[in-house]
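What the coordinates show
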Amino acid sequence: AETWQNVPLAPPDSIFKLTAAYKTDTFPSKVNLGVGAYRDDNNKPWVLPVVKKAKAILSNDEGLDHEYLSITGLPEFTSAAAKLILGTDSAAIREQRVASAQTISGTGANHLGALFLSRFYTFNGPKQIFVSNPTWANHHAIFRNVGIEPVDYAYYDPKTIGLDFEGFLNALRSAPDSSPFLLHACAHNPTGVDPTPEQWEKIADLFLEKKHFAFFDCAYQGFASGDLDKDASAVRYFEQRGVPMLVCQSFAKNAGLYGERVGALHLVGVDKAAADRIRSQISVLQRSEISNPPAFGARIMALILNDANLFNQWKEDIKTMAHRIIDMREKLHALLTNELRTPGNWDHITRQIGMFSFTGLNAEQSKAMVEKAHSIPDE
Ligand code: PMP
């Protein structure tokens, strides 16, 4: 018998499958609306000018070697990354209550956070985490991999193409006390629908009342509004209110470092002793999986985050990307409404935030777009 005869063929990842189909398509004006990666006006990947500068500094550094980083990564990177998301005036950072580890981008942060929860979180009932319906599809796989079952909470309302706020609040109320809830810090993937600051307040109230745990996934800081601080406001607000939490952080999008896999996991403890215990266990888990994280991208980010001039340039680069996205939304909206007089309401295109948009098209309509809408009309 063949050794692997029991291995079933897995279906391809739907997003990467779409990219493969895009690549084989010969239509000259094709557009890839699948995987979330920023493109410039020439439909090309954009290496941020600040990243080019940081790379030049690194390549001129004669003293730079290729030794291993420590298990939790480059300290200049992780500590600056914690300040970036929690704020320079964060009480948790000041009181040394934050345990941080460098991870394999945001995916690795989600995985390490999920693994830590699976090992050490006191689940009140079944081992489950509540995730928004819908959410980044990988969330389901990441939690199932570590034995935590994702359970949907109401989030997106197809009728309004907006937030089902009442449904969300009811899910928070009806979940067992001390349930972990996954929250998108900003620029919700895939809907582009975020709670308002007032709604976040009510959400935080319920987290405290029900003693829920906030598992923040922050893959788009700066990408939502163009402002790093504004996009961190929900995370910072939860920290200030004392909601038990962790944050997964990615520099794939906001620094255009997709393939370098730069990310971090930050767990907020009640005091320094708790953070030390958490960090020690995170190190044990990390050691068995990757030993130590990759150095190059973390060095780039450490330079950018710790140098005032580079940091300011980064903020400009982020604005360039965020404002292009906002501008594209306005142009698409104008095209659909004023120019093409497309039936229906398209205001959600400009109301939604970040690089993702739920168009409101159903599956049948989307299929027709892929199959028919790109053919060159007969002349
Ligand atoms: N979380 C969310 C919500 C995302 O959209 C993404 C990127 N698609 C990630 C995490 C992780 O991305 P990466 O591993 O490239 O940082």
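Residues numbered from 1 in each chain as written. Predicted model: local features only at pLDDT ≥ 70, side-chain atom pairs only at ≥ 80, totals over all residues.

Going by what an unreviewed UniProt entry lists, the chain is known as Aspartate aminotransferase and is assigned to Serendipita indica. UniProt's Sequence similarities (unreviewed entry) comment on the chain is quoted here verbatim: "Belongs to the class-I pyridoxal-phosphate-dependent aminotransferase family." Listed in UniProt under the heading Catalytic activity (unreviewed entry), the comment for the chain reads: "L-aspartate + 2-oxoglutarate = oxaloacetate + L-glutamate". (UniProt positions renumbered as here; feature names shortened; annotations may be inferred.)

Looking at the chain, pLDDT values average 94 and 98% of them are 70 or higher. Here the prediction assigns the complex a pTM of 0.94, and the interface score ipTM is 0.99. (pLDDT = per-residue confidence, 0-100.)

Moving on, we get to the packing of helix α3 (residues 75-86) against helix α12 (residues 296-306). One way to put it is that α3 packs onto α12 with a least axis distance of 9 Å and a crossing angle of 55°. Considering the angle they form, α3 stands oblique to α12. As α3 runs across α12, the sense of the crossing is left-handed. Residue-level contacts link Glu 76, Phe 77, Ala 80, Ala 81 and Leu 84 of α3 to Ala 298, Met 301, Ala 302, Leu 305 and Asn 306 of α12. Among the residues making up the contact of α3 with α12, the classes are represented as eight nonpolar, one polar and one charged. (Axes fitted to C-alpha atoms, helices over the stretch in contact; angles between N-to-C directions. Helix = DSSP H or I, 4+ residues; strand = E, 2+ residues; numbered from the N terminus. Parallel < 35°, antiparallel > 145°, perpendicular 65-115°, else oblique. Left-handed = near helix turned anticlockwise from the far one by under 90°. Contact = placed C-beta atoms within 7 Å. Nonpolar A, V, L, I, M, F, W, Y, C, P; charged D, E, K, R; others polar.)

What follows is about the site of the ligand. Contacts to the ligand come from 14 residues, most closely from Ser 105, Gly 106, Thr 107, Ser 250 and Ala 252. Considering every element that reaches the shell around the ligand, the biggest residue donor is helix α5 (residues 105-120), with four residues. A per-class count over the shell around the ligand returns four nonpolar, nine polar and one charged. (Near = placed C-beta within 6 Å.)

Taken N-terminus to C-terminus, the directions of helix α2 (residues 49-59) and helix α13 (residues 308-339) make an angle of 150°; their axes are 8 Å apart at the nearest point. In terms of axis orientation, α2 runs roughly antiparallel to α13. From α2, Pro 49, Val 50, Lys 53 and Ala 54 reach across to α13, where they touch Leu 310, Gln 313, Trp 314 and Asp 317. Looking at the contact of α2 with α13 residue by residue, the class counts come to five nonpolar, one polar and two charged.

What follows concerns the pairing of strand β8 (residues 245-250). Counting buried positions along β8 gives six out of six residues, so the element sits mostly inside the fold. Taking every second residue as pointing to the same face, both faces of β8 are buried, with Met 245, Val 247 and Gln 249 on one and Leu 246, Cys 248 and Ser 250 on the other. In the sheet, strand β7 (residues 213-218) pairs with β8 via five bridges, with the strands oriented parallel. Looking at β8, one finds that Ala 214 is bridged to Met 245. Where β8 and strand β9 (residues 262-268) come together, six bridges link them in antiparallel fashion. Within β9, the residue paired with Leu 246 across the bridge is Leu 267. (Buried ≥ 20, exposed ≤ 12 C-beta atoms within 10 Å, placed from the backbone. Pairing = 2+ DSSP bridges.)

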